[in-house]
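Spelled out from the first residue to the last, the chains are:
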Amino acid sequence: MPDPMRDDAWALFCEWTESDSLRKHVLGVEAAMRAYARRFDEDEERWAVTGIVHDLDYERYPDPDTGHPRMAIEELRDRGYPEEVIDAVAGHADYLEVPRETQLAKTLYAVDELSGFIAACALVRPTGIEGMKPKSVRKKLKQASFAAKVDRDQIQAGIDELGVEEGEHIQLVIDAMAERADELGLAPEQQAAK
């Protein structure tokens, strides 16, 4: 079976997810996954699809003990998604203890929490994501009260596993998300309208 296409993955995600913020989150992850696919000369469409479906079941089944991402894995398997995509989805949840052995799985893990954190940083800046630098993201990472639910240890573990330099990694994710700032609600004019 051919790989699912990005638009099919997006339609599936929207069918399962009503939350605007969760939709924007996976679009941010997709942007970062595409940027890394280009950097690593990988299949950009497959990497985009992985970014979109990684939180497929989060809204419906958020409980880490019984739900997310187990239901997504089951649904993706039933739909014939590639095992590499399914393994990456499983690997992004530490509590499932699925080893991240592929570049795809390591990248998803490395960009997931960080993209959410970068979005949170952009939302409190008058200029949104425009002009954001790794230095300001690092500074916010040190403030435990800011976006407190973001797992800083996971962000660092993702960087370590991917084997990239922290500042370069943060900048790549910022740049990828900035290209889609309007769609992600992170553009300067969107912040000014608040």
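Quick notes on the rules
- Residues numbered from 1 in each chain as written.
- Predicted model: local features only at pLDDT ≥ 70, side-chain atom pairs only at ≥ 80, totals over all residues.
- Heavy atoms only, no water.
- Helix = DSSP H or I, 4+ residues; strand = E, 2+ residues; numbered from the N terminus.
- Contact = heavy atoms within 4.5 Å.
- Buried < 20%, exposed > 50% of the residue type's maximum accessible area, 1.4 Å probe, protein only.
- Arc of directions from axis to C-beta.
- Core = buried A, V, L, I, M, F, W, Y, C linked by side-chain atoms within 4.5 Å.
- Axes fitted to C-alpha atoms, helices over the stretch in contact; angles between N-to-C directions.
- Parallel < 35°, antiparallel > 145°, perpendicular 65-115°, else oblique.
- Left-handed = near helix turned anticlockwise from the far one by under 90°.
- Nonpolar A, V, L, I, M, F, W, Y, C, P; charged D, E, K, R; others polar.

Visitor: I tried to follow the side chain of His169 on my own but got confused; where do I start?
Guide: As for its position among the elements, His169 is in helix H9 (residues 166-178). Excluding anything up to four places from it in sequence, His169 contacts Tyr36, Ala110, Val111, Leu114, Ile159, Leu162 and Val164.

Visitor: Help me understand helix H7 (residues 134-141) in this model?
Guide: Residues three or four positions apart in an α-helix share a direction because the helix packs 3.6 residues into each turn. Buried within H7 we find Pro134, Val137 and Leu141. Projection of H7 onto a plane perpendicular to its axis shows the buried side chains occupying an angular sector of 60 degrees, all on one side. Away from its buried face, by an angle of more than 90 degrees, H7 presents the exposed residues Lys135 and Lys139. Those residues of H7 that are buried lie in contact with helix H6 (103-123), helix H8 (152-162) and H9.

Visitor: Would you mind showing me how to read the nonpolar core here?
Guide: Across soluble globular proteins, nonpolar side chains show a tendency to be buried alongside one another. Grouped together as the largest cluster of nonpolar side chains are 59 residues, with contacts concentrated most on Tyr81, Ile118, Ile129 and Val137. Here the element with the most residues in this core is H6; it accounts for 11 residues. Not counting residues up to four positions away in its chain, the partners in contact with Val137 are Leu114, Phe117, Ile118, Met132, Ile170 and Ile174.

Visitor: Could you clarify how one ought to interpret the packing of helix H1 (residues 6-16) against helix H2 (residues 20-40) in this entry?
Guide: When two helices pack together, their arrangement is given by the angle between the helix axes and the distance between those axes. As a packed pair, H1 and H2 sit with axes 11 Å apart at the nearest point and diverge in direction by 155 degrees. As far as their axial angle goes, H2 and H1 are roughly antiparallel. Like other packed secondary-structure pairs, H1 and H2 cross with a definite hand, here right-handed. Here Arg6, Trp10, Phe13 and Cys14 of H1 come into contact with H2, specifically with Leu22, Arg23, Val26, Leu27, Glu30 and Arg34. Looking at the contact of H1 with H2 residue by residue, the class counts come to six nonpolar, no polar and four charged.

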